[in-house]
Amino acid sequence: MSRLPIGNLPALDAGVPTLAGVRGYVFDVDGTLALADKHLSGYQPLPGARELLALLRQREVPYVAFTNGSAKTPAQISHALTHIGLPIGEQQMLTPVSVALDLFKRRGHQRVLVLGGEGVWKPLVDAGFDVVRAPERADDADAVLIGWYPGFVLADLDAACRAVWAGAALYTVSKAAYLASREGRTLGVSGAIAAAVRSVTGKNAVVVGKPSAQALACASTRLGIKPAQMAIVGDDISLENAMALRGRAFSVGVHTGLNSAADFDALPPQSRPHLSLSGVDRLLEMLK
């Protein structure tokens, strides 16, 4: 059920974002535009997703897709989504590693120990970073980055902890406990590994994915608009909705992934999305 009536958006208090004021869109992927299987492959578009993106392209409204997943590179995800009729170019596709690239450059990190697969290490290598892949040790690393890593073993934990003990900064793509898939909830591997490193070293990992301020800034830069001019659309109360409210963006919560209408309604009024919709097909109806 939407908090604002379709086709007749009332005037709100000054400073409160409205759908009419949106100049660009940030879409979550899993549970919002599409659903993958538990192995994070085999995407299937959700109702209305194809038509919504087509409408935005027709109106020349910029959009990006932002997933907290790091199993694949932005190029690989872009290809997979485009293949199922969701045309999202590589430059329109953001992952937490996209954020990490910008952040590591600003902070002067060069040697990075990575716990993760190709989706984590390859963009760093392509950008010219000195990347060491755990379980190989890099006690002299400037940073440790934890991503999607279902093959994690104790030797990886040992390598990460030794780098952190030696002074490396610690980052993770996400601390989310789970994500949406066609089989329901799928374990958020990076958050579990970050918790293990923290339990040994006492060091909290900096989140580079949603809902961090760094992630918000990255999406803003890619769209070329201020956060207050964005609509952020997603299925997760603690990720997309939290990031939207942090940036004073227009928040659209959808019920096709992790959180239901009841979940959004149960939030305190100041923490609810501006729209709570059954799916992006309802957003499409409103924009038409």
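What you are looking at is a predicted structure, and each value in this text was computed from that prediction instead of being measured.

What counts, and at which threshold
- Residues numbered from 1 in each chain as written.
- Predicted model: local features only at pLDDT ≥ 70, side-chain atom pairs only at ≥ 80, totals over all residues.
- Heavy atoms only, no water.
- Helix = DSSP H or I, 4+ residues; strand = E, 2+ residues; numbered from the N terminus.
- Buried < 20%, exposed > 50% of the residue type's maximum accessible area, 1.4 Å probe, protein only.
- Contact = heavy atoms within 4.5 Å.
- Axes fitted to C-alpha atoms, helices over the stretch in contact; angles between N-to-C directions.
- Left-handed = near helix turned anticlockwise from the far one by under 90°.
- Nonpolar A, V, L, I, M, F, W, Y, C, P; charged D, E, K, R; others polar.
- Pairing = 2+ DSSP bridges.
- Polar contact = N/O pair within 3.5 Å; in protein donor to acceptor, adjacent residues only side chain to side chain.
- Right-handed = clockwise from strand over helix to strand, strands pointing away.
- Salt bridge = Lys/Arg side-chain N within 4 Å of Asp/Glu carboxyl O.
- Phe/Tyr/Trp six-rings, centres within 6.5 Å; stacked < 30°, edge-to-face > 60°.

**Q** Just checking my understanding: could you explain the overall build of the chain for this structure?
**A** A count of helices and strands for the chain gives 10 helices and 15 strands. Relative to its full complement of 288 residues, the chain shows a buried share of 54%. Nonlocal contacts in the chain, meaning residues at least 24 apart in sequence, comprise 68% of its contacts between residues at least 6 apart.

**Q** For this particular structure, what's the right way to read the packing of helix α3 (residues 96–107) against helix α4 (residues 118–126)?
**A** In contact at an axis separation of 10 Å, α3 and α4 are set at 35° when each is read in the N-to-C sense. In the packing of α3 onto α4, the handedness of the crossing is right-handed. Taking contact as the criterion, the partners of Val97, Leu101 and Phe104 in α3 are, on α4, Gly119, Val120, Pro123 and Leu124. For the contact of α3 with α4, the residue count by class is 6 nonpolar, 1 polar and no charged.

**Q** I tried to follow the sheet that holds strand β4 (residues 63–66) on my own but got confused; where do I start?
**A** Whenever strands of a sheet pair, they do so through backbone hydrogen bonds, lying parallel or antiparallel. Pairing within the open sheet is parallel, and its 6 strands lie in the order β5-β4-β1-β13-β14-β15. The open sheet has two free edges, formed respectively by β5 (93–94) and β15 (275–277), since each of these has just one partner strand. Helix-sheet contacts for helix α10 (residues 280–287) involve β1 (24–27), β13 (230–234), β14 (250–254) and β15, and the interaxial angle to β15 is about 120°.

**Q** Can you help me understand the side chain of Glu240 in this one?
**A** If you trace the backbone, Glu240 turns up in helix α8 (residues 237–246). For Glu240, a relative accessible area of 2% corresponds to the buried category. With near-sequence residues (within four places) excluded, Glu240 lies in contact with Asp28, Lys210, Ile232, Val233, Gly234 and Asp235.

**Q** Sorry, what's going on with unusual backbone geometry here?
**A** Excluding glycine, most residues fall at negative phi; most peptide bonds, likewise, are trans. Of note, the bond from Ala134 into Pro135 is cis; its omega dihedral lies within 30 degrees of zero at 15°. Locating Pro135 in the fold gives a position in the loop between β7 (130–133) and β8 (143–146). Not every positive phi belongs to a glycine, and Glu60 is a case in point at roughly 60°. With respect to the helices, strands and loops of the structure, Glu60 is situated in the loop between α1 (49–58) and β4. Classification of Glu60 by relative accessible area gives exposed; the value is 71%.

**Q** Can you walk me through the environment of Gln92 in this structure?
**A** Residue placement: Gln92 occurs in the loop between α2 (74–83) and β5. On the basis of relative accessibility, which here comes to 25%, the residue Gln92 falls in the partly exposed class. Along the sequence, Gln92 and Arg222 sit 130 residues apart, while their C-alpha atoms lie 7.5 Å from each other. Here Gln92 is in contact with Tyr63, Val64, Ala65 and Pro87, once residues within four sequence places are set aside. In terms of polar contacts, Gln92 uses its side chain to reach the backbone amide nitrogen of Gly89, at 2.7 Å.

**Q** Any chance you could explain the sheet that holds β8 here in plain terms?
**A** With respect to topology, 5 strands assemble into an open sheet ordered β7-β6-β8-β9-β12, the strand pairing being parallel. The open sheet has two edge strands, β7 and β12 (206–207), and neither has a second partner. Bridge count for β8 against strand β9 (residues 169–172) is 4 bridges, and the pairing is parallel. When the bridges of β9 are listed, Val144 appears paired with Leu170.

**Q** Sorry, what's going on with the pairing of β8 here?
**A** Regular strands place side chains that alternate from one sheet face to the opposite one. Side chains Ala143 and Leu145 project from β8 onto one buried face, and the interleaved Val144 and Ile146 project onto a second face that is buried too. Where strand β6 (residues 111–115) and β8 come together, 4 bridges link them in parallel fashion. Following the sheet pairing, Leu113 is matched in β8 by Val144. What joins β8 to β9 is helix α5 (residues 154–165), and the crossover it makes is right-handed.

**Q** Could you clarify how one ought to interpret the environment of Glu118 in this entry?
**A** Following the sequence through the fold, Glu118 ends up in helix α4. With 29 residues separating them in the primary sequence, Glu118 and Gly147 have C-alpha atoms 9.9 Å apart. Residues in contact with Glu118, not counting those within four places in the same chain, are Thr73, Gln76 and Pro123.

**Q** Looking at this structure, how should I read the pattern of salt bridges?
**A** It is possible for side chains bearing opposite charge to pair when their charged atoms get close. Per the stated rule, a full pass over the model turns up 8 salt bridges. Between Asp139 and Arg137 there is a salt bridge, with the nearest N and O atoms lying 2.4 Å from each other. Taking relative accessible area as the criterion, Arg137 reaches 41% and is therefore assigned partly exposed. A network of salt bridges, in which partner residues are shared, links Asp28, Lys210 and Glu240.

**Q** Where do I start with the packing of aromatic side chains in this structure?
**A** Aromatic rings in a pair are described by how distant their centres are and how their planes are angled relative to each other. By the definition in use, this model includes 5 aromatic pairs. Relative to Phe27, the ring of Tyr25 has its centre 5.7 Å away and its plane inclined at 10°; by these criteria the two rings are stacked. For Tyr25, a relative accessible area of 4% translates into the label buried. Judged by centre distance (6.4 Å) and plane angle (75°), the ring pair of Tyr149 and Phe152 falls under edge-to-face. Assessed through its relative accessible area of 12%, Tyr149 is described here as buried. Members of the aromatic cluster, connected to one another through ring pairs, are Tyr25, Phe27 and Tyr63.

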